[in-house]
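# Secondary and tertiary structure notes
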Amino acid sequence: MMVGEDVITGVFDSGGRGYEVSYGFGIPSWKKVADHAIEGREDFKACVGKYDDKAEGADVLNFTYGPSTGGLTESIKFNIYTYGERILSLRPEPSYKDRKLQVSGSGLEMANLRIERYCGPLSPFYSGMLAAAVESVMGADQDNDLRLARVIMNEISRISDHIHVIAKLAEGASQNVAYNLLFALREKLLRLIARRFGHRYFFGINGFGGLVRSANFKGISSEVRAIVDEFRQIWIRLENSRIFIDRIQGTATLKRAWMVGPAARASGTHIDARMESSFLRYDDLDLHVSISSGADTLARTLVRVDEISESARIIERAESMIREVPVAGRTTKSEVNGEISVRAETPGGDSLMRVTLAKGIIEKIYIRPSSLQNLAVFAYAIRENLLTDFTFGYEGLGIHISELGGVL
Amino acid sequence: MKTWLTYGLFSKRLTTKFPFKAAEELPVWTTMPVSTGAGEAICPANAIQDTSVDMGMCISCGYCSPAFEPDGNARTSIVHSTEKAFRKSFHIYLFDAGSCGSCNLEVKALVNPYYDMSRLGISFCATPKHADALIVVGVLAEGMGEPLRRAVEALPSPRLVFAVGACAISGGIIGKSISGVVETDVIVPGCPPNPFTILDALQRSRGGKH
Amino acid sequence: MSVTNSYRVGTVLYSLIAATAFYALVTGATFSIVVTNYLAFFVDPLFSAFLLIISTVWAVTSFFSIEYDRKSRPNAISFHLAILAMMVVLTSGSFPLFLSGWEGMTISGYLLIGYRKGMNNIPPYVFLVYGELSTLLIIVMGVGMYFQSGTMIFIAAPYNEVILFLGIMGFFIKMGVMPFQITEWLPIAHGNASTNGSILFSAAMTTVALYSILRFLTISDPGEIFGLLLMGIGAFSLLFGSIYSASAEHVKMLPAYSTIENSGAMLIFTGAFIVLGILGQMQMATFALAGLLIFAFSHALSKSGLFMFAGIMEQSSGATEIKSYHGGSNSTFYGAGGFLNSVSLAGMLPLGGGVGEWMLLETLFVMSILGDSVTSLVSIIVGATAALGGGISIISMTKIFGFGSRGSHEKGKKEGPMRISLLAMGIGVTLLGAFSTLYVFLVSNMIRGYTGIAATTIINGALVVPHGFLLTSFSSAGPFGGISPLFTALFIGLFTGILLLSFRGARSRTVVNWSGGIEEENKLHSFAYANSLRLTMRRFYLTTEERKAGKYSERTFDAFWLVIIFLARKTVALSRIVGRKVMNSSLMAYVLYIMVTFLAVMVYIAI
């Protein structure tokens, strides 16, 4: 049995009474459930982005942070309830920058471009998921080289995102040398991506049945390896900094069955969507899942550090196996019908996508991004922490606000 | 083990000489696509009219290739008005009106050692109250209209408003532009515009050397 | 006579008294009128110096009351009665007269709080119990002294120290020194006394108690241990007064606790004066006594001012909790007066409070290097405690002024007697600080009467400061340290002026508030402002937090108060039983009856 078999991992509101709910972290399947049965559950609330926790009482100071402030890269508002320095509870309001991104009703090509812009830094994951879903509905066997190409793009993206998270933590702890070096490293990686794929964020590269542009995979793993080696050098120094470790150790500790990604693995749970073959097989890439204990920001960071090296290894293996990546043709096929759910391990954790296709048009689409779970983790875990821990709790989870709005 | 100091001393200089010298390495698909005359161009964003490209609408997807190919020139921004008062020090505030997150990161990348905008006297500030310019990224999300209006109101004058990225300029392919709420002084096209382009726009908007 | 007119007459009368006191101090008037062995009046420079301080408070408070209290006749009567009683205490030269004045203070105080509508009877009753305890202790001292000297008139003699200490305890109670803080803040906060009443309690009556302590100490011959004890009690009171003041959320409780803190400082001065005298350090004894007078004067002025500030705030907003203030009661005088008074109480130079605090710490510094090991140890501990308490008082003063003057852009309130009095107190305390050397000249002869050295010896000059403008402390090796309040004031004024002039008309950019891009939803309130203190010092506050039915609550306690209220409740319960059995009538009227009878008996004995 999989870990967290009865955990709600997706809630699809198909209209009418009740929800269609996906349980567990395996291959997604949907069950119809009456609303009252699940609405009070934490995992349900996390999936639908419901944060109703608030501390009341005489003299509780509620102050708001955001939606637009210099301390946040993306717009989100936090209602922080405190007594002096300690956070009693926290209620995020991510709806401010909800773009109501319209994907359903568009053709496949436009849907693909829009999905890329659903969350720019994670675009290969989501465009890859959509492409895989469509390919699978079309009944085409996934091309092995295309799979490896997507694995490489995803893993590079993962390294970039993880470095960014650790850089933000170092920034918060005023480890300025480390943070500048890490940001430079990420820039180096983005330039590498731009050289080989034509775009720093992989926009316009993923297509249906192939890549839209030809990409250069030759020697990519050694370049990535050089960057990861440099990262290890920086990390060795960073992990020896008492100042840095003190800030993240014991910060935002939480252990829940519904957690995903590094947050879950940092609490000792052995889950990773890459172990499933639901859309991208990693079985021949000898994936090693990093586990840590402690369930705090430090543990999450250690998992990310491990995963950076692991991703570099996966890229090496994938590059050694890749031959000729097919180029995507123009998708004009109109007889594509069906419904499918796919799952991917984004840097923040398990993300779920459910697509209904009708006559080559996206009829319905649902995404449950990992950031929803991670924001809930943050909201629960930051309680009883000090206000100064806010940055470390928040940045340590690598939340992308743009994901939270979902798609229509 | 080497200390941070020795680590830094033995690392080589990363910082660009841009804008005094040409950009070292531009990602091709953020620059202006120009017609090559090879076949018919497809443009999902409807930015292409015959042989000209409206950069405000271009989403850098590259679907027009090979009929159009990027020209590799960092200067795609259009500066409507400049403000010389910001020549010595220039404080900018990043405002996310509803982006995918990549424009934010590209603007924030200006502080990393490769671009290091502080060498030009440009720095981020934590509130529009202290800012000289508002850097708006993303489409206009419903909930961000009011904050955007307030942010512009909070800007002391003289001031500049930048629309950075196709979304902010034209709404791109995913939403509304910010033009309904604020008047923009500088537009920086691209999806997302690369840091060199943003830096170039910042420099030109203050009438600086370029 | 109408209420307002009574205050008008009072203003004139009390101003005349102040002028007379000033004249008496300048001329060094000393005389006594002995009517009988029981009834005598004393006038000497100590009396004049204190009368000047206290009558200034009376006069300005009376002027304040013209606008503040327009129709409450009982309040006006009690107000003037209390002043009369204080006058009796100050002028008395014999025990019966002294006691009747003292008792008059208690009764008028009781009337000021007891006959306000809509309150339960425990606070005034408890106040009365402690007031009577105070009188009882003074009676014990009086009886003891009578047995030693054979007369009811105050004459100098080496009185028994235990008897003396018991009497001093009686004065402590009136000063509200810890753990008797109940007499200070209870009537003010719980009894919700009127503002002019609170000023009498906090600024005038504490000064009367201080005068009494000095009066009895100077006619007896206390030992060094006595001085050290006073210093210790003072330090204890100072620290806890400032701690509880910082956490107080009631607009009058905060200044009341601050009075406890300042009473502590004055006790330290008194103790130091005794110890230095015994050690033969007459120059520093002179310094300490001068410091005590400056401190007492500036405290009387600025505390009156702070209560006026609180009273205006309370009257215009109708609320007593500091956290509910959102400005709107402001005028220029209000802001300026509140600022000067609170800054002085926070101990900032060149204001009176700052000069006093510097002199206090300086005295303790010098005492710690005198070579006497016990004195050194006590001085170091007391000095550290005083410095800590002084630091914490900055929190309470910034809190009450900051939150009380929030929204100062909403001007438009008329400047009436209330705001004029507030500003007058502020200007007074500023002038007192800046010209404190002149004040030392004024009291110089009075101090010489006790130390044998004219206080002018502590006024010197150095570097650019001409002679007459530098307050100097002395160690056994010669001059130790010095400040020039006037030059500090000039320095600050000069640089502020230069800055203002040079940036006048400079290009400035005006912006609106920014709260993340949305409507400001919450403001930092005063509770949160002081809460880090409540959490870090949870042992002193006995801070408890709980969450019941989703509601958070946090409570802090005055640990000493808990004990006192426990005892008080027991006493009240006992009294009720006795009261019901002896006299089946209203408890309040009964108590009042006893008091009046007691006073009558006292007056009878005196005559």
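What comes next concerns the included structure.

Reading the values: the criteria
Residues numbered from 1 in each chain as written. Chains lettered and ligands numbered in written order. Predicted model: local features only at pLDDT ≥ 70, side-chain atom pairs only at ≥ 80, totals over all residues. Heavy atoms only, no water. Helix = DSSP H or I, 4+ residues; strand = E, 2+ residues; numbered from the N terminus. Rg over C-alpha atoms; globule rule 2.2 N^0.38 Å. Buried < 20%, exposed > 50% of the residue type's maximum accessible area, 1.4 Å probe, protein only. Contact = heavy atoms within 4.5 Å. Areas by Shrake-Rupley, 256 points an atom, 1.4 Å probe, with all protein chains shown as cover. Lys, Arg positive; Asp, Glu negative; His and termini not counted. Charge placed at Lys NZ, Arg CZ, Asp CG, Glu CD. Phe/Tyr/Trp six-rings, centres within 6.5 Å; stacked < 30°, edge-to-face > 60°. Buried area = accessible area lost by both parts, 1.4 Å probe. Salt bridge = Lys/Arg side-chain N within 4 Å of Asp/Glu carboxyl O. Polar contact = N/O pair within 3.5 Å; in protein donor to acceptor, adjacent residues only side chain to side chain. Pairing = 2+ DSSP bridges. Axes fitted to C-alpha atoms, helices over the stretch in contact; angles between N-to-C directions. Expected span 1.5 Å × (residues − 1). Nonpolar A, V, L, I, M, F, W, Y, C, P; charged D, E, K, R; others polar. 1 Å grid on protein atoms, 1.4 Å probe; cavity = no way out; pocket = protein on both sides within 12 Å on 5 of 7 lines; lining within 4 Å. Points joined across faces, edges and corners; volume = space filled by probe spheres on them. Core = buried A, V, L, I, M, F, W, Y, C linked by side-chain atoms within 4.5 Å. Domains from an automatic or database assignment. Parallel < 35°, antiparallel > 145°, perpendicular 65-115°, else oblique.

Okay, the overall build of chain A next. Helix and strand content of chain A: 13 helices and 9 strands. Taken against the 2.2 N^0.38 rule, which gives 22 Å for 408 residues, the C-alpha radius of gyration of chain A at 21 Å falls within 12% of a compact globule. Taken along the three principal axes of its C-alpha coordinates, chain A extends 65 × 55 × 40 Å. A burial count over chain A gives 67% of its 408 residues as buried. Excluding contacts between residues fewer than 6 apart, the proportion of contacts in chain A whose partners are at least 24 apart in sequence is 67%. As displayed, chain A offers around 13100 Å² of accessible surface, 47% of which is attributable to carbon and sulfur atoms. Across chain A, the centroid of the 50 positively charged side chains sits 3 Å from that of the 52 negatively charged ones.

A count of helical and extended segments in chain C gives 22 helices and 7 strands. Burial status across chain C gives 59% buried among its 607 residues. For chain C, the exposed area adds up to about 23600 Å²; of that, 68% sits on carbon and sulfur atoms.

Residues and elements named next belong to chain C. One pass over the full model with this rule turns up 50 aromatic pairs over all chains. Taking the centre distance of 6.0 Å and the plane angle of 35° together, the rings of phenylalanine 309 and phenylalanine 401 count as tilted. Of this pair, phenylalanine 309 sits in helix α11 (residues 282-317) while phenylalanine 401 is found in helix α14 (residues 373-404), placing the two residues 92 residues apart along the sequence. Ring pairing ties together the aromatic residues Phe95, Phe98, Trp102, Phe154, Phe171 and Phe216, which thus form one cluster.

Another point: the interface of chain C and chain B. The interface is formed by 8 residues belonging to chain C together with 18 residues belonging to chain B. With both chains or domains summed, chain C and chain B bury close to 1000 Å², and 59% of this area falls on carbon and sulfur atoms. Across the contact surface, chain C and chain B share 1 salt bridge. The partner of B:Arg150 in a salt bridge is C:Glu519, with the nearest N and O atoms 2.7 Å apart. Linking chain C to chain B there are 1 residue pair in polar contact (both at pLDDT 80 or more).

In this section: the sheet that holds strand β5 (residues 77-83) of chain A. Residue and element names in this part refer to chain A. Spatially, the 3 strands line up as an open sheet ordered β4-β5-β6, and their pairing is antiparallel. A strand with exactly one partner marks an edge of an open sheet, and here the two such strands are β4 (61-65) and β6 (86-93). Taken over all neighbouring pairs, the strand axes of this sheet differ in orientation by 25° on average, direction set aside. Of the pairings in the sheet, the one linking β4 to β5 comprises 5 bridges and is antiparallel in character. Bridge pairing in β5 places phenylalanine 63 opposite isoleucine 80. Sheet contacts for helix α11 (residues 370-381): β5 and β6; angle to β6, the most-contacted strand, approximately 155°.

In an α-helix, one full turn covers 3.6 residues, which means residues spaced three or four apart are oriented alike. With 20 residues, helix α7 (residues 220-239) of chain A should cover 28 Å at 1.5 Å per step; its first-to-last C-alpha distance of 28 Å lies within 8% of that length. Listed in full, the buried residues belonging to α7(A) are A:Ile220, A:Ser221, A:Val224, A:Ile227, A:Val228, A:Phe231, A:Ile234, A:Trp235, A:Arg237 and A:Leu238.

Chain A puts 56 residues into the contact, and the matching count from chain B is 51 residues. Note on chain A versus chain B: buried area summed over both sides is about 4500 Å², and carbon and sulfur give 61% of it. Looking at the side of chain A facing chain B, the largest losses of area belong to A:Arg117, A:Arg191 and A:Arg237, adding up to 17% of the total buried there. At the junction of chain A with chain B, the criterion picks out 3 salt bridges. Across the pair B:Glu106 and A:Arg200 runs a salt bridge whose closest N-O atoms are separated by 2.5 Å. If you look at where chain A meets chain B, you find 21 residue pairs in polar contact (both at pLDDT 80 or more). Taken together, the elements giving at least two residues each to the side of chain A that touches chain B come down to α3 (108-116), α6 (176-197) and α7 of chain A. If you tally residues by element for the side of chain A that touches chain B, the top one is α6(A), at 14 residues. Looking at the side of chain A that touches chain B residue by residue, the classes come out as 22 nonpolar, 16 polar and 18 charged.

Below, the discussion takes up empty space enclosed by the protein. Gaps left between atoms are located by rolling a probe of water-molecule size over the structure's atoms. Under the defined criterion, the tally for this structure stands at 10 cavities of 30 Å³ or more. Estimates place the volume of the largest cavity at around 320 Å³. Taken together, 25 residues make up the lining of the largest cavity; nearest its centre are A:Asp161, A:His164, A:Ile399, A:His400 and B:Leu105. Breaking the lining of the largest cavity down by element, the ones donating at least two residues are α5 (144-172), α6 and α12 (390-395) of chain A. Of the residues assigned to the lining of the largest cavity, the class counts are 11 nonpolar, 8 polar and 6 charged. Computed from the structure, the second largest cavity encloses a volume of approximately 140 Å³. The wall of the second largest cavity is formed by 17 residues, among which C:Asn262, C:Phe295, C:Leu345, C:Gly353 and C:Glu357 lie closest to the centre. Elements that contribute at least two residues to the lining of the second largest cavity include exactly α10 (253-279), α11, α12 (332-345), α13 (352-368) and α14 of chain C. For the lining of the second largest cavity, the per-class residue count stands at 6 nonpolar, 9 polar and 2 charged.

A word on the nonpolar core. All names here are of chain C. Counting residues in hydrophobic clusters, the biggest one holds 167 residues, and the most contacted among them are Trp58, Met86, Phe171, Phe216 and Met359. Ranked by the residues each element gives to this core, the list is headed by α11, at 21 residues. Residue contributions to this core reach at least three from each of two domains, namely domain 1 (1-220) and domain 2 (223-505). Ignoring anything within four residues of it in the chain, the contact list for methionine 359 reads Phe269, Phe287, Ala290, Gly291, Ile294, Ile458 and Leu471.

Another aspect to go through is the packing of helix α2 (residues 45-68) of chain C against helix α3 (residues 73-91) of chain C. Residues and elements named next belong to chain C. Here α2 crosses α3 at 175°, and the two axes come no closer than 11 Å. One way to sum up the angle between α2 and α3 is to call them roughly antiparallel. Side by side, α2 and α3 meet where Phe47, Leu51, Ile54, Trp58, Thr61, Ser62 and Ser65 of the first sit next to Phe79, His80, Ile83, Met86, Met87, Leu90 and Thr91 of the second. Grouping the constituent residues of the contact of α2 with α3 by class yields 9 nonpolar, 5 polar and no charged.

So, about the pattern of salt bridges. Should their charged atoms come close, side chains of opposite charge can pair. Residue and element names in this part refer to chain A. Per the stated rule, a full pass over the model turns up 44 salt bridges over all chains. Its salt-bridge partner being arginine 225, residue glutamate 316 comes within 2.8 Å of it at the nearest N-O pair. Highlighted residues: glutamate 316 in helix α10 (residues 297-321) and arginine 225 in helix α7, separated in sequence by 91 residues. Two residues, aspartate 283 and arginine 281, come together in a salt bridge whose shortest N-O distance is 3.3 Å. Given the relative accessible area of 34%, arginine 281 is considered partly exposed.

Turning our attention to the pairing of strand β7 (residues 338-346) of chain A. In this sheet, strand β8 (residues 349-358) of chain A lies alongside β7(A) in antiparallel orientation, the contact comprising 9 bridges. Counterpart to A:Arg343 in the pairing with β8(A) is A:Leu352.

All names here are of chain A. In spatial order, the strands read β7-β8-β9; together these 3 strands make up an open sheet with antiparallel pairing. The two strands at the open ends of the sheet, each matched to only one other strand, are β7 and β9 (361-368). Within this sheet the neighbouring strands show an average axis-to-axis angle of 20°, counted without direction. Strand contacts of α3: β8 and β9, with the helix running at about 20° to β9, the strand carrying the most contacts.

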